[in-house]
2 protein chains.
Amino acid sequence: MPLMKSWVDSANTPDTDFPLNNLPYGAFLTASGEQHCGVAIGDMILDVTALEADGVIAVAGEDEVFAAGDWTAFMGLGAQIWADVRATLTALLAEGMADADGLSRYLVAQDGTQMRMPFTVSEYTDFYAGKHHATNVGTMFRGPENALPPNWLSIPIGYNGRASSVQVSGTDVRRPWGQLKAPDAEMPTFAPCKRFDIELEMGAIVGQPSDGPVTVAEADDMIFGYVLLNDWSARDIQAWEYQPLGPFQAKATATTISPWIVPKAALEPFRCDTPERERPLLEYLQAPGPMLYDIALEVGLAPEGQAETVISRTNYNEMYYSSAQQLAHHTTSGCPMLVGDLLGSGTISGPEKHQRGALLEITWGGKEPITLDTGETRSFVEDGDTLTLRGAAMGDGYRVGFGACAATVLPALDDPYKR
Amino acid sequence: MPLMKSWVDSANTPDTDFPLNNLPYGAFLTASGEQHCGVAIGDMILDVTALEADGVIAVAGEDEVFAAGDWTAFMGLGAQIWADVRATLTALLAEGMADADGLSRYLVAQDGTQMRMPFTVSEYTDFYAGKHHATNVGTMFRGPENALPPNWLSIPIGYNGRASSVQVSGTDVRRPWGQLKAPDAEMPTFAPCKRFDIELEMGAIVGQPSDGPVTVAEADDMIFGYVLLNDWSARDIQAWEYQPLGPFQAKATATTISPWIVPKAALEPFRCDTPERERPLLEYLQAPGPMLYDIALEVGLAPEGQAETVISRTNYNEMYYSSAQQLAHHTTSGCPMLVGDLLGSGTISGPEKHQRGALLEITWGGKEPITLDTGETRSFVEDGDTLTLRGAAMGDGYRVGFGACAATVLPALDDPYKR
């Protein structure tokens, strides 16, 4: 598919994340301080809430789908409505549209506009579905012979995370306190995290509910769209707490998502297969077609007031399990899935060192610090650092991107109990 | 505190769970099919939604707090409103109340009335805070030398569960399918769970939010009330999936709670200390006073169409960590807590075999089946079995109970993907 041209000129340049082919869903604050739904087009936002309020667009049979200023209600309406509204918005923004002048008053510049959470997260599940990541972490923790757990090639391993900790790009992250114990210490201490880390992930957003097991194909149909996701991780808290029931407070400080949900429809041209199976999957997990996406990803780290260094470049196509497979597995027990559930892919690492999606892997547990372009070194994230995830599927002369997924780390509080 | 007498006679008998001292919160279906808020009194329910609609009671400064038919909005109003409304309801139901005749038309018989979820579960966290349970399970899985994980005496170990799986007593539970692998099998299979189990727990309901670390005392103040909680567990799914990130689908089929939330105020006379510490707790986890409760608990198992056998008798005072300590730990990372969060205590087992709160422990992994009063044996739960948790704090001539927390197990579907 070639670039689809828009009358919004900035959407026709090859370096924008937001050509007409994309039309991702976001939520933003208007000049008067209201939260509205918008879609990104070039360097602008089309105010969908205002379009609906003025009767320019309407969802068949529904009143005020966008009045609440996030996309949760819209998601719940299902795939036919998703397609209809996307077609309407595409037509309104296409080159040659008769009333571009009239419509241009619904455009807001992205620059300087504050973004908000584009949907209400019902529940958040995080997976562990990248083989390079699982192998690296397993090697560090259990040695190379036991790197991959015995179940790993058969199950998309996941755990429930904390939905209340999910926040939109641009929200600062406070370094947490937690219970820590050095391997040679006799007793734990309660102290600020010393090994604060990122995890480069994609997030799949469940747009339709289920109440019983679903197939991989049905799971794919339930997915509304994708975001970039940074699963902030306190490695020292994690190391002490995670046996036997998994990570808990180590992952509960914050999870940052990109401001834009890229619709599944925009990613269709970029579907690809998961890597070859090393062990046959049980039938319920077998993919009926390509369910991953070819999405180039990178992580930038900028120390406070300084230039950014790209510390990782990888691709979503490295994942061993797709989000559709993860969602299908999630329903096997009969677990009800809800509109607004968020599934983190797991950390996305490629086979090479510069393709790793977490500092834990890049610096091999802090033993091999990296040197930034500024000359500083990093083992883990330091106070004042801004971490930015970026991602885009690369078309012929255009890209379908997510916008920056960024957050700055604030120092730990001196006394977390002081009000 | 002695029995408080009510003009509702059935509330004055020593064997009711619901004397005037209790006044627990529930949700029920009216004769016309609407969901209303109610409080239990003896063998009746006082229709609080109707009382508000008719102007008999009102919450200061609020309209229609009870119109939605569950207690979530009320919880969010805070402890002063909880106390005010409790005082109003207590006065309305007290012996000697002038207009008992007029009020009696707001009473509905519990018998034959269908109960609904009394609140909307925001997020669900399950803990592992019973020392006898952790020791028993650890001994089975890792041997007696490594029974308790090294962190166990320092951290109330918990993991995030699945809020969408929480259902009210009386809702059937369908035996799940899942990915299983026998220790001697080379490959896993996808099959119905063969080792379906219960876990006897208490659930604490968070009634006030937090956005940063809270002390144990503050955490105690945030708790609205308690329910009985049965954390259904598929032991064979759990054994294969839980390393390294904890239980996932094994715990996602269903979690059953009692229909009545017992207010913290009703449990005040029954506060007790946690057992003696075997290792000093870090300061942030130290309890400023008694935070557990003396609540007698039991589990009944009734095969389909047959009489029930009580298979376990224990007490909430066996727990090593209180819900307030668990909630305080939950916030250490800065994790925001929400109105409607539910914290499972972890399985409550006493030191003796007949005091164990899960069949896994009672039958020692299925190796020592128990014989029911009917003559049948059980290693794990069988299809058609009804499992009922009961609990009550025992006062002088009265009890403060939760009502039955019951569910019947339906057979697994022949084909979970057939619609």
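This one's a predicted model, so the numbers in the text were calculated from it and none came from an experiment. (Residues numbered from 1 in each chain as written. Chains lettered and ligands numbered in written order. Predicted model: local features only at pLDDT ≥ 70, side-chain atom pairs only at ≥ 80, totals over all residues. Heavy atoms only, no water.)

**Structural notes on the side chain of Asp-47 of chain A**
Residues and elements named next belong to chain A. Going by this rule: Each helix corresponds to a stretch of at least 4 residues labelled H or I by DSSP, and each strand to a stretch of at least 2 residues labelled E; elements are numbered beginning at the N terminus. Any residue under 20% of the maximum accessible area for its type is buried, any over 50% is exposed, and the rest in between are partly exposed; the area is computed with a 1.4 Å probe on protein chains only. As used throughout, the charge tally considers Lys and Arg to be positive and Asp and Glu to be negative, leaving His and the chain termini uncounted. A pair is scored as a salt bridge if a Lys or Arg side-chain nitrogen falls within 4 Å of a carboxyl oxygen belonging to Asp or Glu. Polar contact is the term for a pair of N or O atoms within 3.5 Å; when the atoms are in protein, one must be able to donate a hydrogen and the other to accept it, and sequence-neighboring residues count only if both atoms are side-chain atoms. Here, residues are in contact when the closest pair of their heavy atoms is within 4.5 Å.
For Asp-47, the location among the structural elements is in strand 3 (residues 44-47). For the buried Asp-47, no salt bridge exists, and the shortest N-O distance to an oppositely charged side chain is 9.5 Å, to Arg-105. Within the structure, Asp-47 has its side chain in polar contact with the side chain of His-36 (distance 2.8 Å). Among residues more than four places away in sequence, those in contact with Asp-47 are Phe-28, Thr-30, His-36, Cys-37 and Tyr-106.

**Things to note about the pattern of salt bridges**
Residues and elements named next belong to chain A. All chains considered together, the criterion is met by 36 salt bridges over all chains. Linking Arg-378 and Glu-382 is a salt bridge whose minimum nitrogen-to-oxygen distance equals 3.7 Å. Classification of Arg-378 as buried rests on a relative accessible area of 3%. The partly exposed category is assigned to Glu-382, whose relative accessible area is 39%. Taken together, the shared-partner salt bridges connect Asp-197, Glu-199, Asp-231, Arg-235 and Lys-251 into one network.

**Focus: the relation of the copies chain B and chain A**
What counts is decided by this rule: Here the copies were fitted onto each other by least squares, based on C-alpha atoms from residues at pLDDT of at least 70 in both.
With an RMSD of 0.0 Å, the fit of chain B onto chain A corresponds to turning through 180° and sliding 0.0 Å along the axis. Within this description, the copies of the chain are treated as partners about a two-fold rotation axis. Considering only C-alpha atoms, the residue of chain B closest to the rotation axis is Gly-246 of chain B, which sits at 2.2 Å. A shared interface surface links the copies, since 100% of the contact residues of chain B are contact residues in chain A too.

**Observations regarding helix 9 (residues 323-330) of chain A**
With 8 of its 8 residues buried, helix 9 of chain A lies for the most part within the structure. The secondary structure elements touched by the buried residues of helix 9 of chain A are strand 6 (124-127), strand 7 (158-160), strand 13 (200-206), helix 6 (216-222), strand 14 (223-231) and strand 22 (342-344) of chain A.

**Thoughts on the UniProt feature "binding site: Ca(2+)" (unreviewed entry) in chain A**
All names here are of chain A. For clarity, the cut-off: UniProt positions are given in the numbering used here, feature names are shortened, and annotations may be inferred rather than shown by experiment.
Those places that UniProt annotates as "binding site: Ca(2+)" (unreviewed entry) correspond, in this numbering, to Asp-126, Glu-199, Glu-201 and Asp-231. Across 106 residues in sequence, these annotated residues keep their C-alpha atoms within 10.9 Å of one another, forming a single compact spot. Within the fold, Glu-199 resides in the loop between strand 12 (196-197) and strand 13. Positionally, Glu-201 belongs in strand 13. With relative accessibility at 0%, the residue Glu-201 sits in the buried group.

**Brief notes about the interface of chain B and chain A**
This is how the line gets drawn: The term buried area means the drop in 1.4 Å probe accessible area that two parts suffer when joined, counted for both and summed.
Contacts between the two partners involve 60 residues from chain B and, on the opposite side, 60 residues from chain A. Approximately 5,500 Å² of surface area, both sides summed, lies buried where chain B meets chain A, with 59% of it carried by carbon and sulfur atoms. Sorting the residues of chain B by area buried against chain A places Arg-162, Leu-245 and Phe-248 of chain B first, and these three jointly supply 15% of that buried surface. Between Asp-341 of chain B and Arg-162 of chain A there is a salt bridge; the shortest N-O distance is 2.4 Å. Our count for the chain B to chain A interface comes out at 25 residue pairs in polar contact (both at pLDDT 80 or more).

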